[in-house]
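Topology and contacts: notes
Chain by chain, the residues run as shown.
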Amino acid sequence: MTDNEIFARIASDVADVGNSMFGVRDITIWMTKDLFNRLFPEQFVLQKNSAMITLFGCRIKVVITLCDGMHWIVGYEGKVEEE
């Protein structure tokens, strides 16, 4: 998959999450360190598990895991409020 195809898939995931029925919440993109390094070779991780960069208006956090590969997850940041 090319970088542009990856960006397009991430953008689609962001749109899907943004259009969900959970109201206005912050969206974060988690991605493996391998993928982050591929898409943003000039950037670096400034603090544990995060980077000072945004993509499609969303914060990016770097997932440090034992598994290698180039994966991402788009989802909501924060805790669910109990009713």
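Residues numbered from 1 in each chain as written. Predicted model: local features only at pLDDT ≥ 70, side-chain atom pairs only at ≥ 80, totals over all residues. Heavy atoms only, no water.

**A closer look at the pairing of strand E1 (residues 27-32)**
Within E1, 5 of the 6 residues are buried, leaving the element largely enclosed by the surrounding structure. The pairing of E1 with strand E4 (residues 72-76) spans 5 bridges and is antiparallel. Bridging across to E4, Ile 27 finds its partner in Tyr 76. When E1 meets strand E3 (residues 58-63), the two strands line up parallel, connected through 5 bridges. Along E3, the bridge assignment pairs Ile 29 with Ile 60. (Buried < 20%, exposed > 50% of the residue type's maximum accessible area, 1.4 Å probe, protein only. Helix = DSSP H or I, 4+ residues; strand = E, 2+ residues; numbered from the N terminus. Pairing = 2+ DSSP bridges.)

**Remarks on the environment of Ala 11**
Looking at the element boundaries, Ala 11 is found in helix H1 (residues 3-18). Using a relative accessible area of 27% as the deciding quantity, one classes Ala 11 as partly exposed.

**Focus on H1**
Three or four residues apart is the spacing at which side chains of an α-helix point the same way, because the helix has 3.6 residues per turn. With 16 residues, H1 should reach 22 Å at 1.5 Å per residue; the first-to-last C-alpha distance of 22 Å fits that figure. For H1, the complete set of buried residues consists of Ile 6, Ile 10, Val 14 and Val 17. Projected onto a plane normal to the axis of H1, the buried residues spread over an arc of 75° and lie on a single side. Every exposed residue of H1 that faces more than 90 degrees away from the buried side is listed here: Asn 4 and Asp 16. The secondary structure elements touched by the buried residues of H1 are E1, helix H2 (33-39), strand E2 (54-55), E3 and E4. (Expected span 1.5 Å × (residues − 1). Arc of directions from axis to C-beta. Contact = heavy atoms within 4.5 Å.)

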